[in-house]
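Spelled out from the first residue to the last, the chains are:
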Amino acid sequence: MIREIDLAFIKLHILYHAANEEVYGLGLIEELGRHGYKLSPGTLYPTLAKMQQNNLLTSTTKTVNHKQRKYYRITNSGLKQLNRLKVKIKELYKEVVEKK
């Protein structure tokens with residue numbers, strides 16, 4: 001159960017960062033590590049692929065230092081979902097954190 005919740009938060013982080021700039025796998029692993037998530041490429045890349053299949057992300061491939069790197073950006077559908085989730089997060093935060 002905890003893994004499922006963590007994965008939901010990871011997806012939320014991915015949407016947030018992909019809305020602000022292009023993101024790529026290793027960069028996301030490092031960023032998510034700063035938030036306490038230990039993610040392997042074997043977990044991240046299938047998650048990114050599924051998010052792309054669900055039209056939340058789009059990708060382009062670029063050559064960086066003679067290597068192919070896939071960069072992800074949020075789609076319009078992904079942005080709508082992110083905005084919907086922001087409302088839910090705010091509501092949950094008020095209930096769980098701020099409630100006395």
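Residues numbered from 1 in each chain as written. Predicted model: local features only at pLDDT ≥ 70, side-chain atom pairs only at ≥ 80, totals over all residues. Heavy atoms only, no water.

Student: Help me get a handle on the sheet that holds strand β3 (residues 67–74), residues and values and all.
Tutor: Sheet strands pair via backbone hydrogen bonds, and the direction of the pair is either parallel or antiparallel. Strands sit in the order β1-β3-β2 across an open sheet of three strands; the sheet is antiparallel. Whereas interior strands pair on both sides, the edge strands pair on one side only; in this sheet they are β1 (23–24) and β2 (57–64). With two bridges connecting them, β1 and β3 associate as antiparallel partners. Among the inter-strand pairings, Val23 is bridged to a residue of β3, identified as Tyr72. Strands in contact with helix α1 (residues 2–20) are β1, β2 and β3; relative to β3, the strand with the most contacts, it is inclined by about 95°. (Pairing = 2+ DSSP bridges. Helix = DSSP H or I, 4+ residues; strand = E, 2+ residues; numbered from the N terminus. Contact = heavy atoms within 4.5 Å. Axes fitted to C-alpha atoms, helices over the stretch in contact; angles between N-to-C directions.)

Student: How would you summarise helix α3 (residues 41–53) if you had to cite specific residues and measurements?
Tutor: The first and last C-alpha atoms of α3 sit 18 Å apart over 13 residues, in line with the 18 Å expected at 1.5 Å per residue. Taken as a whole, α3 has its buried residues at Leu44, Thr47, Leu48 and Met51. When α3 is viewed along its axis, its buried side chains cluster within an angular range of 100° and face the same direction. Away from the buried face of α3 by more than 90 degrees, exposed residues Gly42 and Gln53 are located. Packing partners of the buried residues in α3 comprise α1, α2 (25–34), β2 and β3. Just beyond α3, the residue with positive phi is Asn55, at close to 65°. (Expected span 1.5 Å × (residues − 1). Buried < 20%, exposed > 50% of the residue type's maximum accessible area, 1.4 Å probe, protein only. Arc of directions from axis to C-beta.)

Student: Before we move on, can you summarise the nonpolar core with the specific residues and values?
Tutor: By size, the foremost hydrophobic cluster in this structure holds 19 residues, and its most contacted members are Ile14, Leu15, Leu44, Leu48 and Leu57. Contributing elements (two or more residues each) for this core: α1, α2, α3 and β3. No other element matches α1, which puts five residues into this core. Among residues more than four places away in sequence, those in contact with Leu44 are Ile14, Gly25, Leu28, Ile29 and Leu39. (Core = buried A, V, L, I, M, F, W, Y, C linked by side-chain atoms within 4.5 Å.)

Student: I'd like to hear about the pairing of β2, residue by residue, with values.
Tutor: Direction of pairing for β2 relative to β3: antiparallel, over a ladder of eight bridges. Bridge pairing in β3 places Leu57 opposite Ile74.

Student: Any chance you could break down the layout of surface pockets for me, citing the residues and the numbers?
Tutor: In this model, the largest pocket occupies a volume close to 260 Å³. Taken together, Ile5, Ala8, Phe9, Leu12, Leu85, Lys88, Ile89, Leu92 and Tyr93 form the lining of the largest pocket. Broken down by element, the lining of the largest pocket gets its largest block of residues, five residues, from helix α4 (residues 76–98). Here the residues of the lining of the largest pocket sort into eight nonpolar, no polar and one charged. (1 Å grid on protein atoms, 1.4 Å probe; cavity = no way out; pocket = protein on both sides within 12 Å on 5 of 7 lines; lining within 4 Å. Points joined across faces, edges and corners; volume = space filled by probe spheres on them. Nonpolar A, V, L, I, M, F, W, Y, C, P; charged D, E, K, R; others polar.)

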